[in-house]
Amino acid sequence: MSWCGWASGWWWRSRRIAAFGCRAGYAGANVAALRAYGRLGRPLVPGGRDAWDAALVALGGTGRSAHERTSALVIGAAGRCGAGACEALERAGIRATRWGHDETRRLDRKALPAHDLLVNAIGTATPVAPFVTKADLDDPGRRLRLLCDVTCDVGSPCNAVPVYDRPTTWAEPVVRVHEGDPPLDVIALDDLPSLLPTESSRAFSADLWPHLLTLRPDGPTGPARVRGLDAFRRSLLRVLGSDSVGA
């Protein structure tokens, strides 16, 4: 089983050649950090990296003592999305526990809810055992009060945090899914890179541009494009049948 940071993107040999992952993780953790410190406004508005960075740095000067500071756990920290999330949390002065393949494969179910904030940044093509379930929310020892699901696989059998039933929005970026002591709030925005439109577009374009240059009038020449066209034709054959698809 292969897990990696999530992002929409172009794939080749099971590897993304262009993706929004890092910006999605950064934006999601940024929104989560602002929420954790009571500084999140709404509706959300897109902005530049400098403005988002400044908002995070300001959180580090809130004057909270060490025992009052938010503790965070990033699952999928080794991927692009997880790396972006960790970067945002560090700027906010939040020390993040980082779980990768090994930690996730041997999930410590006592350590996970002992954090204030959970950022889910994994991607998986096959169903996995949930990290958090609705039953877990009744655990009297739970400290977890905010979940940022950057992966946002709600409604999918691959959903690793099935405690909410719909994505959140820029108008209402946070939804409460459990009342209690503590409550649990969820951030599940499925368009996170749009909060950093300029940086996201430039980075994605820079990744994709070399592959677009392999396009020719008589067909693609680069390996990624050739493989993508072959995959498209095979899928079309399965759906429409061989008589409906030209060579």
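Residues numbered from 1 in each chain as written. Predicted model: local features only at pLDDT ≥ 70, side-chain atom pairs only at ≥ 80, totals over all residues. Heavy atoms only, no water.

(A) Just the pairing of strand β10 (residues 184-187), in detail. Of the two faces of β10, the one carrying L184 and V186 and the one carrying D185 and I187 are both buried. Bridge analysis of strand β8 (residues 146-149) against β10 gives three bridges, and the strand direction is parallel. Across the sheet, C148 pairs through a bridge with I187, a residue of β10. When strand β9 (residues 175-178) meets β10, the two strands line up antiparallel, connected through three bridges. (Buried < 20%, exposed > 50% of the residue type's maximum accessible area, 1.4 Å probe, protein only. Helix = DSSP H or I, 4+ residues; strand = E, 2+ residues; numbered from the N terminus. Pairing = 2+ DSSP bridges.)

(B) Quick look at the sheet that holds strand β5 (residues 96-99). Taken in spatial order, the six strands make up an open sheet running β5-β4-β6-β8-β10-β9, and their pairing is mixed. Both outer strands of the open sheet, β5 and β9, are each paired with one neighbouring strand and no more. Sheet twist, expressed as the average angle between the axes of neighbouring strands with direction ignored, equals 20°. Along the sheet, helix α1 (residues 21-36) contacts β6 (117-120), β8, β9 and β10; its crossing angle with β8, the most-contacted strand, is approximately 165°. On top of the sheet, helix α3 (residues 80-91) reaches β4 (72-75), β5 and β6; it is set at about 165° to β4, its chief contact. (Axes fitted to C-alpha atoms, helices over the stretch in contact; angles between N-to-C directions. Contact = heavy atoms within 4.5 Å.)

(C) Region of interest: a nonpolar patch on the surface. Side chains of W209, L212, L213 and L215 sit close together on the surface and give an oily, nonpolar patch of about 380 Å² of accessible area. If you trace the backbone, L213 turns up in the loop between α5 (197-212) and α6 (223-240). (Patch = residues over 30% accessible without salt bridge, like charges linked within 9 Å, V, L, I, M, F, W, Y side chains within 5 Å. Areas by Shrake-Rupley, 256 points an atom, 1.4 Å probe, with all protein chains shown as cover. Salt bridge = Lys/Arg side-chain N within 4 Å of Asp/Glu carboxyl O.)

(D) Expanded view of the packing of aromatic side chains. Applying the stated criterion across every chain yields a total of zero aromatic pairs. Above the ring of Y26, the side-chain terminus of R49 is found at 3.9 Å from the ring centroid. (Phe/Tyr/Trp six-rings, centres within 6.5 Å; stacked < 30°, edge-to-face > 60°. Lys NZ or Arg CZ within 6 Å of the ring centre and 35° of its normal.)

(E) How the structure looks around the packing of α1 against helix α2 (residues 49-59). Two elements in contact, α1 and α2, have axes separated by 10 Å at closest approach and are oriented at 40°. Taken together, α1 and α2 sit at an angle that is classed as oblique. Along this stretch, α1 crosses α2, giving a crossing that reads as left-handed. Along its contact with α1, which presents Y26, N30, V31, A33 and L34, the element α2 presents R49, W52, D53, A55, L56 and L59. Taken together, the residues that form the contact of α1 with α2 break down as eight nonpolar, one polar and two charged. (Parallel < 35°, antiparallel > 145°, perpendicular 65-115°, else oblique. Left-handed = near helix turned anticlockwise from the far one by under 90°. Nonpolar A, V, L, I, M, F, W, Y, C, P; charged D, E, K, R; others polar.)

(F) Expanded view of the pattern of salt bridges. For the coordinates displayed, the defined rule picks out twelve salt bridges. Between D53 and R49 there is a salt bridge, with its nearest N and O atoms 3.0 Å apart. Linking D53 with R49, this pair stays in helix α2, spanning four residues, or about one helical turn. A salt bridge links R176 to D185, with the nearest nitrogen and oxygen atoms 2.7 Å apart. Relative accessible area serves as the criterion here: at 41%, R176 is assigned to the partly exposed category. Overlapping salt bridges bring together R35, R176, E179 and D185 as one network.

(G) Structural view of the environment of F131. Within the fold, F131 resides in the loop between β7 (122-123) and β8. Take F131: its relative accessible area is 3%, and that puts it in the buried class. For the pair F131 and N159, spaced 28 residues apart in the sequence, the C-alpha separation amounts to 9.3 Å.

(H) Main features of the environment of A203. With respect to the helices, strands and loops of the structure, A203 is situated in helix α5. Since its relative accessible area comes to 15%, A203 is described here as buried. C-alpha of A203 to C-alpha of R23: the two residues are 180 residues apart in sequence and 9.0 Å apart in space.

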